[in-house]
Amino acid sequence: MKPIFYMLYIFSIFCLCIQPVLAARYDVTGLIVESVSQNEDDEEAPFDIRATNKRHKCGGGISNLFRVYSEFNIVSDRKFDMAIISMKNNLTLSVSTHGCEGKALTVERMRISR
């Protein structure tokens, strides 16, 4: 009986520890880009996307700001181009997020959809 109790105890601790990680990541589909901006003048600076139709609750209030980081310049350029193309051609973005940074929801992956 004791081994089962210990296994259940360890499993419940594991579930409690993994929950915040899972809660911070989710997918946003059908995002319509209103604007794209880059506020910092740095090689690895993130850029921000404002959405017209999607909101989240980062920073304690409702926000439509999505922040995109990339470690490599070529990836950053590609993501920036995707955001501009979707805005110009009235296409939608689908993004995978990775938690909040102030009032912005950080973006890991993006793709363009019709």
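Above this note sits the structure.
Residues numbered from 1 in each chain as written. Predicted model: local features only at pLDDT ≥ 70, side-chain atom pairs only at ≥ 80, totals over all residues. Heavy atoms only, no water.

Asker: Lay out the pattern of salt bridges in plain terms, naming residues and giving numbers.
Answerer: Applying the stated criterion across every chain yields a total of three salt bridges. With its nearest N and O atoms 3.8 Å apart, the salt bridge here joins Arg-109 to Glu-108. Given the relative accessible area of 26%, Glu-108 is considered partly exposed. In the salt-bridge network here, residues are joined through shared partners; they are Asp-48, Arg-67 and Glu-101. (Salt bridge = Lys/Arg side-chain N within 4 Å of Asp/Glu carboxyl O. Buried < 20%, exposed > 50% of the residue type's maximum accessible area, 1.4 Å probe, protein only.)

Asker: Any details on the packing of aromatic side chains? Residues and values, ideally.
Answerer: Scanning the entire structure with this criterion turns up one aromatic pair. Taken together, a centroid distance of 5.1 Å and an interplanar angle of 90° make the contact between Phe-47 and Phe-80 edge-to-face. In this pair, Phe-47 sits in strand β2 (residues 47–51) while Phe-80 sits in helix α2 (residues 73–88), placing the two residues 33 residues apart along the sequence. Of the residues examined, Phe-47 reaches a relative accessible area of 2% and is grouped as buried. On the basis of relative accessible area, Phe-80 is assigned to the partly exposed category, the value being 30%. (Phe/Tyr/Trp six-rings, centres within 6.5 Å; stacked < 30°, edge-to-face > 60°. Helix = DSSP H or I, 4+ residues; strand = E, 2+ residues; numbered from the N terminus.)

Asker: Describe in detail the nonpolar core, supporting the description with residues and values.
Answerer: The biggest cluster of nonpolar side chains holds 17 residues, and the ones touching the most others in it are Leu-31, Ile-49, Phe-66, Ala-83, Leu-93 and Met-110. Listed by contribution, the elements that provide at least two residues to this core are β1 (27–37), β2, β3 (65–68), α2, β4 (92–101) and β5 (104–113). Looking at which element gives the most residues to this core, the answer is β1, with four residues. Here Ala-83 is in contact with Val-33, Val-36, Phe-47, Ile-49, Leu-93 and Met-110, once residues within four sequence places are set aside. (Core = buried A, V, L, I, M, F, W, Y, C linked by side-chain atoms within 4.5 Å. Contact = heavy atoms within 4.5 Å.)

Asker: So, the state of the cysteines: which residues are in play, and what are the values?
Answerer: Going through the model one piece at a time under the given rule, you end up with one disulfide. With a sulfur-sulfur separation of 2.0 Å, Cys-58 is cross-linked through a disulfide to Cys-100. The S-S bond linking Cys-58 to Cys-100 shows a torsion near -65°; that makes this disulfide left-handed. Of this pair, Cys-58 sits in the loop between β2 and β3 while Cys-100 is found in strand β4, placing the two residues 42 residues apart along the sequence. For Cys-58, a relative accessible area of 2% corresponds to the buried category. (Disulfide = S-S within 2.5 Å.)

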